[in-house]
Amino acid sequence: MFKSTLRLAGVLAIGGLGLLSAGTAMAQESFSWKVGTTHPQTSPTFKALEDLSGKVDAMSAGRLTIEVFPAGAIVPAAETYPSMVSGVFDAAMFYGTWIEGRNSAWLLSNHTPFGFEDRDAIQMWYYTEGGLEQVSALSADDGIKIDPFVAQGMEMGMFCREPITSLADLEGKKLRIGGGPHIPIFNALGVETLALSYEETYSGLERGVVDCAEWDTPYTNFFAKLHEVGPHLLYPAWWQPSATALMGTRQESFDALPDDLKAIWEVAVREVGLEWSLHSKALDIEHMKKIVGQLESVNSFPPEDMARLRELAPEQLATYSEANPDFKAIYEDQQEFRDRYDEYPFLFKFPD
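Since this is a predicted model, take the numbers as computed values, not measurements.

Asker: How would you sum up the nonpolar core? Please name residues and give values.
Answerer: Side chains of a nonpolar character, in soluble globular proteins, are inclined to be buried together. Core analysis: the largest hydrophobic core is formed by 31 residues, its most contacted members being F94, W106, W125, I146 and F327. Residue assignment for this core shows that the elements contributing at least two residues are α3 (80-86), β3 (91-94), α4 (119-128), α5 (131-139), β4 (144-152), α13 (303-323) and α14 (325-343). Sequence-distant contacts of W106, defined by excluding residues within four places in its chain, comprise Y81, F94, G96, T97, I99, E100, V135, L138, S139, I146 and L246. Grouped together as the second largest cluster of nonpolar side chains are 30 residues, F46, L64, L257 and W276 included.

As structure tokens, then:
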């Protein structure tokens, strides 16, 4: 009887502590954040943000809630980063190519022509080679904290109104393509480039405003439906062999959080980023097959054209380096790591 009473007292005591903890948690201050993105609801990065919102809410017991807004819901996609700086958003998912006007070195946070060809390499550069510190320095004066988020793979290529089988076929054409150091390369080849938004790209290709258009990786492309109005694919997407979505957090919003919520936010961003880096690849494989099955033709750049592009790319990137010491420092660091990274895989490839 005495032992039973002790056990009951223990249960009540533990239960009381639990209620006390819950009561303490409820008494603690709660925070509600607005998080924006440069991408639409159909993109895997938006799905990742929804996942992030759910995980942060669960881990914080509702003390930190995240409301996610797709591109255009509050501000146009191109204004996502500056809107975060001004306080419209507490955090935002964005790509460095969208803000190259602030500093051309932002281009290297995302991709470069013939750059990192897989997700492992770019994530290693960020987390083990000092890449995160270098990119974070670009946003320090804006009061924005940077974390890598979803590392996406190579874009699918260009969807064209007519078959394009070589660089010669592209000459004189108009191309919808996102910003980046590849733009001067296309321009040097006699190609006019236009930066149409997500909403404008389908109609632009359909009406002939552009002859070809690229947008994203296969999953997002499937919902953009560019294959319906551009049924001739040209690959590979040498201009964007990989892309890294960044998570920016207003330092002021982050500093206002207690230490446990700071830790929850940082851990959730990294965990969700890693999970969706893998999940988005699975979605890309599935939807690539769906798109290819609806195309009229699939064409690749011939070897001689790829060789010419590999010659042009370093020349244009050198121009960026000469104009901007930030670009030069990051580019040279990435190239040094790529040289070391490329020496590694040969040990683990099965012989033909």
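Text resumes after the structure shown.
Asker: Tell me about the state of the cysteines, and please be specific about residues and values.
Answerer: Covalent bonding between the sulfur atoms of two cysteines defines a disulfide. Within the structure shown, the criterion is met by one disulfide. One disulfide bridge connects C160 with C212, the sulfur atoms lying 2.2 Å from each other. Taking the torsion about the S-S bond as the criterion, the C160 to C212 disulfide, at about 110°, is right-handed. One end of the pair, C160, is in strand β5 (residues 158-160); the other, C212, is in strand β8 (residues 212-213), and 52 residues separate them in sequence. Of the two residues, C160 and C212, both sit in the buried class.

Asker: Kindly report on the pairing of strand β2 (residues 64-69), identifying the contributing residues and their values.
Answerer: For strand β1 (residues 31-37) and β2, the ladder comprises six bridges, and the chain directions are parallel. In the strand pairing of β2, V35 is matched with V68. As a crossover connection, the stretch from β1 through helix α2 (residues 44-59) into β2 is right-handed.

Asker: Describe empty space enclosed by the protein, listing the residues and the values that go with them.
Answerer: Gaps left between atoms show up when a probe the size of a water molecule is rolled over them. Summed over all chains, the structure comprises one cavity of 30 Å³ or more. If you go around the largest cavity, the residues you meet are L108, N110, H111, T112, G115, F116, I122, S242 and Q334. Of the residues assigned to the lining of the largest cavity, the class counts are three nonpolar, six polar and no charged.

Asker: I'd like a description of the packing of α4 against α14, backed by residues and values.
Answerer: Interhelical geometry of α4 versus α14 gives an angle of 125° and a closest axis separation of 11 Å. Classified by the angle their axes make, α4 and α14 are oblique. Read as a crossing pair, α4 and α14 show a hand that is right-handed. Every residue of α14 that contacts α4 at D120, A121, M124 and W125 is listed here: I330, D333, Q334, F337 and Y341. Looking at side-chain class alone, the contact of α4 with α14 contains six nonpolar, one polar and two charged residues.

Asker: Provide a residue-level description of α4, including the pertinent values.
Answerer: An α-helical segment advances 3.6 residues per turn. Residues three or four places apart therefore align on the same side. Looking only at α4, the buried set comprises R119, A121, I122, Q123, W125 and Y126. Of the surrounding elements, those touching the buried residues of α4 are α5, β4, β10 (243-250), α12 (259-292) and α14. At the exit of α4 stands G130, carrying a positive phi of roughly 85°.

Asker: How would you explain the environment of L274 if you had to name every residue and give the values?
Answerer: Topologically, L274 is positioned in helix α12. Counting along the chain gives 123 residues from L274 to A151, while the straight-line C-alpha distance between them is 7.7 Å.

Asker: Tell me about the sheet that holds β2, residues and numbers included.
Answerer: Reading across the sheet, the five strands line up as β2-β1-β3-β10-β4 and stay open at both edges, with mixed pairing between neighbours. A single partner strand is all that each edge strand has here, and the edge strands are β2 and β4. For this sheet the average axis-to-axis angle between neighbouring strands, irrespective of direction, equals 20°. Two elements, β4 and β10, share seven bridges in a ladder whose sense is antiparallel. Paired with K145 across the two strands is T249, which belongs to β10. Strands β4 and β10 of the sheet are contacted by α4, whose axis makes an angle of about 165° with β4. Relative to β4, α12 is tilted by about 25°, and along the sheet it contacts β1, β2, β3, β4 and β10.

Rules used in this analysis
- Residues numbered from 1 in each chain as written.
- Predicted model: local features only at pLDDT ≥ 70, side-chain atom pairs only at ≥ 80, totals over all residues.
- Heavy atoms only, no water.
- Core = buried A, V, L, I, M, F, W, Y, C linked by side-chain atoms within 4.5 Å.
- Buried < 20%, exposed > 50% of the residue type's maximum accessible area, 1.4 Å probe, protein only.
- Helix = DSSP H or I, 4+ residues; strand = E, 2+ residues; numbered from the N terminus.
- Contact = heavy atoms within 4.5 Å.
- Disulfide = S-S within 2.5 Å.
- Pairing = 2+ DSSP bridges.
- Right-handed = clockwise from strand over helix to strand, strands pointing away.
- 1 Å grid on protein atoms, 1.4 Å probe; cavity = no way out; pocket = protein on both sides within 12 Å on 5 of 7 lines; lining within 4 Å.
- Points joined across faces, edges and corners; volume = space filled by probe spheres on them.
- Nonpolar A, V, L, I, M, F, W, Y, C, P; charged D, E, K, R; others polar.
- Axes fitted to C-alpha atoms, helices over the stretch in contact; angles between N-to-C directions.
- Parallel < 35°, antiparallel > 145°, perpendicular 65-115°, else oblique.
- Left-handed = near helix turned anticlockwise from the far one by under 90°.

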